[in-house]
Amino acid sequence: MAAAAASAPLAPRARASVRDVAEATGLSIATVSRVLNGNAQVAPATRELVLGALEGLGSAAPIARGHSRQTGGPVFVRCPYVLTDYFGLIVSSIAEELAANARPMLLDAGESSQSRHPLGQMPMRAETSGAILILPPEDAAELGALRRHGFPFVIVDPRTRAPEGSVVVSAAHHQGARALTTHLLDLGHRRIGVLAGPDEWLVSRERLAGHTAALAEVGVLQDPALVSSVSADVESGRVAASELLARAERPTALVCFNDKVAVGAMRAVQEAGLRVPEDVSVVGFDDSDLSRATTPGLTTVWQPLADMGRLAVTQLLRLISHERVDALQVELGTRLVVRESTAVMRSPG
């Protein structure tokens, strides 16, 4: 059924009914129930309409009927990406920490999972005690619905701004990016290209803000023409870096979203007949195994990925046990790792 264009306001009351939500949105009771119960066979626009109405109701929203939650049940871990490098380290640490606490894990991984909507089903799965969501693609309405149902979950590195009151664990991306750019500035670089991550990712914006803050400290404004948004993979880095290096005034250094993008950038430098770091300095982010396998070795930022996974488990188990968490949002410190891919700036020749 097609979604209505807009929903009428619902009068606040102790608890609204599914019928109330259906009348306000112009949808059928069956459709509202399917959204409420996490059924995947619902059009995205319809789901958004219903979740918006439910979110507006807050504690007065209807709740899907289910069984009492088992606090000792398995933990649902959602990581809808390929489990290599960054994601694999986080998931592995989560699995080990859950095992140490005699807690089973239900893993939902792989990029094909991004088209599914498993979170809406979590409040109805009585056997699932909570969830850890790694860079979740779900919007604030879907995540907010979990909070409204009282379902315990922790977000690791939110992809977008997390709903108010959510428990979040992440690395200090702003701090890490700022340290990278400060390192390049100390080497004399001023014309710095940036291969930023996807525009819609919160982490991309935080790292770009850290880079810009470092430039501002020395009175340099980032040239928008030297900033490119790329996917977080080698080929995207190579293509974007090639375009920047082809400019009449090419950058003397490239700041890359992650180590994979940096490897692509290093290839682009070589294809342009230039050298790293003699002609162009290149830096990455993550300190993955890839950064230690490049020639020259890649200057990058170490992230405490294993610690993030372990802390996410600790925070979730506290939520499940109705214990107090010390902080809703925790940023773990990063560390600059200087290798051979950066050098004192030379004038482009």
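Model, not experiment: these values are computed from the prediction.

## Details of the overall build of the protein chain
Here's step 1: What the protein chain contains, in helices and strands, is 11 helices and 12 strands.
Here's step 2: When burial is assessed residue by residue, the protein chain has 52% of its 349 residues classed as buried.
Here's step 3: Within the protein chain, counting contacts between residues at least 6 apart in sequence, those at least 24 apart form 72% of the total.
Here's step 4: Looking at the protein chain as shown, the accessible area adds up to about 15400 Å², and 52% of this sits on carbon and sulfur atoms.

## As for the packing of helix H4 (residues 85–100) against helix H11 (residues 305–320)
Here's step 1: Two numbers describe how H4 lies on H11: the axes approach to 8 Å, and their chain directions differ by 40 degrees. Put simply, H4 runs oblique to H11. The two elements H4 and H11 meet at a crossing, and its hand is right-handed. In this structure, H4 contributes Tyr86, Leu89, Ile90, Ser93, Ile94, Glu97 and Leu98 to the contact, and H11 contributes Leu305, Ala306, Met308, Gly309, Arg310, Val313 and Thr314.
Here's step 2: The residue inventory of the contact of H4 with H11, partitioned by class, reads nine nonpolar, three polar and two charged.

## So, unusual backbone geometry
Here's step 1: Backbone torsion omega between Val276 and Pro277 reads 5 degrees, so that peptide bond is classified as cis.
Here's step 2: Here Thr295 and Pro296 are connected by a cis peptide whose omega angle stands at 0 degrees.
Here's step 3: You can see Pro296 is positioned in the loop between helix H10 (289–293) and strand S10 (300–302).
Here's step 4: The backbone of Leu135 sits at a positive phi, close to 45 degrees, despite the residue not being glycine.
Here's step 5: Even without glycine at this site, Asp287 takes up a positive phi of about 55 degrees.

## Examining the sheet that holds strand S3 (residues 130–134)
Here's step 1: Here six strands make up an open sheet; going across it, the order is S2-S1-S3-S4-S5-S11 and the pairing parallel. Each edge of the sheet is formed by a strand with only one pairing partner; in this case those strands are strand S2 (105–109) and strand S11 (329–332). Put simply, the sheet's adjacent strands are angled 15 degrees from each other on average, direction ignored.
Here's step 2: Judged from the five bridges that link them, strand S1 (residues 75–79) and S2 form a sheet pairing that is parallel. The residue of S2 that forms the bridge with Val75 is Met105.

## Thoughts on the pattern of salt bridges
A side chain with one charge can pair with a side chain of the opposite charge if their charged atoms come near.
Here's step 1: Under the counting rule described, the total for this entry stands at 13 salt bridges.
Here's step 2: A salt bridge links Arg178 to Glu217; the nearest nitrogen and oxygen atoms lie 2.3 Å apart. One end of the pair, Arg178, is in helix H6 (residues 173–186); the other, Glu217, is in helix H7 (residues 202–217), and 39 residues separate them in sequence.
Here's step 3: Between Arg238 and Glu235 there is a salt bridge, and its shortest N-O distance comes to 2.7 Å. Of the two residues, Arg238 and Glu235 are both situated in helix H8 (residues 234–245); the distance of three residues between them amounts to about one turn of the helix.
Here's step 4: With relative accessibility at 41%, the residue Glu235 sits in the partly exposed group.

## Let's talk about the side chain of His189
Here's step 1: Here His189 lies in the loop between H6 and strand S6 (192–196).
Here's step 2: Within polar-contact distance, the side chain of His189 engages the side chain of Ser281 at 3.3 Å.
Here's step 3: A polar contact of 2.8 Å, which involves the side chain of His189, links it to the backbone oxygen of Ala343.
Here's step 4: Discounting residues that sit within four places of it in the chain, His189 has contacts with Leu184, Thr252, Ala253, Ser281, Ala343, Val344 and Met345.

## Re the environment of Met105
Here's step 1: Checked against the element boundaries, Met105 lands in strand S2.
Here's step 2: Using a relative accessible area of 29% as the deciding quantity, one classes Met105 as partly exposed.
Here's step 3: Along the sequence, Met105 and Ile94 sit 11 residues apart, while their C-alpha atoms lie 8.8 Å from each other.
Here's step 4: Residues contacting Met105, with those up to four places away along its chain left out, are Pro74, Val75, Val77, Ile94, Ala95 and Leu98.

## Some points on the nonpolar core
Here's step 1: With 50 residues, the main nonpolar core has Ile132, Ile134, Leu195, Leu254, Val282 and Met308 as its most contacted residues.
Here's step 2: Among the elements that line this core, the one with the most residues is H11, at seven residues.
Here's step 3: Leaving out residues up to four positions away in the same chain, Leu195 has contacts with Ser228, Val230, Gly237, Ala240, Ala241, Leu244, Val255, Cys256, Phe257, Val261 and Ala265.

## Digging into the sheet that holds strand S7 (residues 227–229)
Here's step 1: Spatial strand order, S7-S6-S8-S9: four strands in an open sheet with parallel pairing. Of all strands in the sheet, those with a lone pairing partner are S7 and strand S9 (281–283), marking the two edges. Ignoring which end each strand starts from, the neighbouring axes of this sheet average 15 degrees apart.
Here's step 2: Where strand S8 (residues 253–256) meets S9, three bridges bridge the pair, whose relative direction is parallel. Across the sheet, residue Ala253 finds its bridge partner in S9, namely Ser281.

Cut-offs used in this document
- Residues numbered from 1 in each chain as written.
- Predicted model: local features only at pLDDT ≥ 70, side-chain atom pairs only at ≥ 80, totals over all residues.
- Heavy atoms only, no water.
- Helix = DSSP H or I, 4+ residues; strand = E, 2+ residues; numbered from the N terminus.
- Buried < 20%, exposed > 50% of the residue type's maximum accessible area, 1.4 Å probe, protein only.
- Contact = heavy atoms within 4.5 Å.
- Areas by Shrake-Rupley, 256 points an atom, 1.4 Å probe, with all protein chains shown as cover.
- Axes fitted to C-alpha atoms, helices over the stretch in contact; angles between N-to-C directions.
- Parallel < 35°, antiparallel > 145°, perpendicular 65-115°, else oblique.
- Left-handed = near helix turned anticlockwise from the far one by under 90°.
- Nonpolar A, V, L, I, M, F, W, Y, C, P; charged D, E, K, R; others polar.
- Pairing = 2+ DSSP bridges.
- Salt bridge = Lys/Arg side-chain N within 4 Å of Asp/Glu carboxyl O.
- Polar contact = N/O pair within 3.5 Å; in protein donor to acceptor, adjacent residues only side chain to side chain.
- Core = buried A, V, L, I, M, F, W, Y, C linked by side-chain atoms within 4.5 Å.

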